[in-house]
Amino acid sequence: MKKIALLCFSLLMSNPFPSTASTYVPCATQQLFASEQEAVIAAMNSFNPASIAEDREYMGTIYREGSLYGYSVARGTRHRDRFTLRLAGDEWDRVSALWHTHGDAYPSNRYFSDSDTRLVNRYKKPLYLGDYTGYLKRFSPGDRRLSPYAARRLGLPARSGFAIGEVVRDENRRVIRIRTRRDSFS
């Protein structure tokens, strides 16, 4: 199996603090999944508890391997909500989605940031978000973003670009929950 390495195609989420550069974990799953959604859930259940406990973002790709899906992951710097995710250019066509976690239980971490929504709209790939609430959310290219007024009412900075996203549901329309603690589901 050819692994996706997080290496040389820079996406929007750049770290403005070069001295605190993110740690890149050149990790792609050995296990493959029947659907994009199954791969996202596996990635979130593996990394969301650590993200919350460490107040660290994790981010990666969901990629196709034939008719199956896997995920890759990069670990961000603690207490920083920005890092650089890099992909080998020839791997981009296999990427079906992006995923990331938002760290500790801050009210603003329940929403997609303006950087998140710019990333999605620029690269035309959906982004899944895991956070301290345990709800899995998705923001897709062209989805609605909040106005500055709506963002301010939610306690976010009064600028456009933030988004609530869509809660992800299974094939029976049940809301999908992800782990928030290492030992159990939320």
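Procedures and definitions
Residues numbered from 1 in each chain as written. Predicted model: local features only at pLDDT ≥ 70, side-chain atom pairs only at ≥ 80, totals over all residues. Heavy atoms only, no water. Buried < 20%, exposed > 50% of the residue type's maximum accessible area, 1.4 Å probe, protein only. Patch = residues over 30% accessible without salt bridge, like charges linked within 9 Å, V, L, I, M, F, W, Y side chains within 5 Å. Areas by Shrake-Rupley, 256 points an atom, 1.4 Å probe, with all protein chains shown as cover. Salt bridge = Lys/Arg side-chain N within 4 Å of Asp/Glu carboxyl O. Helix = DSSP H or I, 4+ residues; strand = E, 2+ residues; numbered from the N terminus. Pairing = 2+ DSSP bridges. Expected span 1.5 Å × (residues − 1). Bend = angle between axes of the 7 residues up to and from the residue. Core = buried A, V, L, I, M, F, W, Y, C linked by side-chain atoms within 4.5 Å. Contact = heavy atoms within 4.5 Å. Phe/Tyr/Trp six-rings, centres within 6.5 Å; stacked < 30°, edge-to-face > 60°.

Novice: A description of unusual backbone geometry should follow, citing residues and the corresponding values.
Specialist: A positive phi is found at D55, a non-glycine position, where the angle reads about 50 degrees. Of note in the backbone geometry, R173 takes a positive phi value of approximately 70 degrees without being a glycine. For R173, a relative accessible area of 58% puts it in the exposed group.

Novice: How would you sum up a nonpolar patch on the surface? Please name residues and give values.
Specialist: A contiguous nonpolar surface patch, about 210 Å² in accessible area, is contributed by Y135, V167 and V175. Locating Y135 in the fold gives a position in the loop between β5 (127-130) and β6 (137-139). Of the residues examined, Y135 reaches a relative accessible area of 34% and is grouped as partly exposed.

Novice: I'd like a description of the pairing of strand β2 (residues 58-65), backed by residues and values.
Specialist: Within β2, six of the eight residues are buried, which leaves it mostly tucked inside the rest of the structure. The pairing of β2 with strand β3 (residues 68-75) spans six bridges and is classified as antiparallel. Residue I62 lies in a different strand from β3, and its bridge partner there is Y71. Connecting the antiparallel pair β2 and β3 is a turn made up of two residues, with G66 showing a positive phi of about 70 degrees. Taken together, the five bridges between β2 and strand β4 (residues 95-101) define a ladder with antiparallel strand orientation. The partner of T61 across the bridge, within β4, is L98.

Novice: Explain the environment of G142 to me, and be specific about the residues and the numbers.
Specialist: With respect to the secondary-structure elements, G142 resides in the loop between β6 and α3 (148-153). Counting along the chain gives 16 residues from G142 to P126, while the straight-line C-alpha distance between them is 9.7 Å.

Novice: So what about helix α1 (residues 36-54)? Which residues, and what values?
Specialist: For α1, with 19 residues, the first-to-last C-alpha span of 26 Å sits near the 27 Å given by 1.5 Å per residue. Of all the bends found along α1, the most pronounced is centred on F47 and spans about 35 degrees, while P49, a proline, follows it within four residues. D55, located one to two residues past α1, shows a positive phi value of around 50 degrees.

Novice: Give me the lowdown on the nonpolar core, citing residues and values where you can.
Specialist: Core analysis: the biggest nonpolar cluster contains 20 residues, and M44, I62, Y71, W99, Y128 and L136 have the highest contact counts within it. Top contributing element to this core by residue count: α1, with seven residues. Leaving out residues up to four positions away in the same chain, I62 has contacts with E36, A39, V40, Y69, G70, Y71, R94, V95, S96, A97 and W99. The next biggest cluster of nonpolar side chains, apart from the first, holds twelve residues, and it includes F112, L119, Y123 and A163.

Novice: With reference to specific residues and values, describe the packing of aromatic side chains.
Specialist: If you walk through the whole model with that rule in mind, you get seven aromatic pairs. Considering the side-chain rings of F33 and Y71, the 6.4 Å spacing of their centres and the 20 degrees angle between planes classify their relative orientation as stacked. Within this pair, whereas F33 is found in the loop between β1 (23-28) and α1, its partner Y71 is found in strand β3, the two being separated by 38 residues in sequence. Summarising the burial analysis for this pair, F33 and Y71 share the class buried. Connected via pairs of aromatic rings, a cluster forms that spans F33, F47, Y58, Y71 and W99.

Read these as layout, nothing more, since geometry by itself doesn't imply function.
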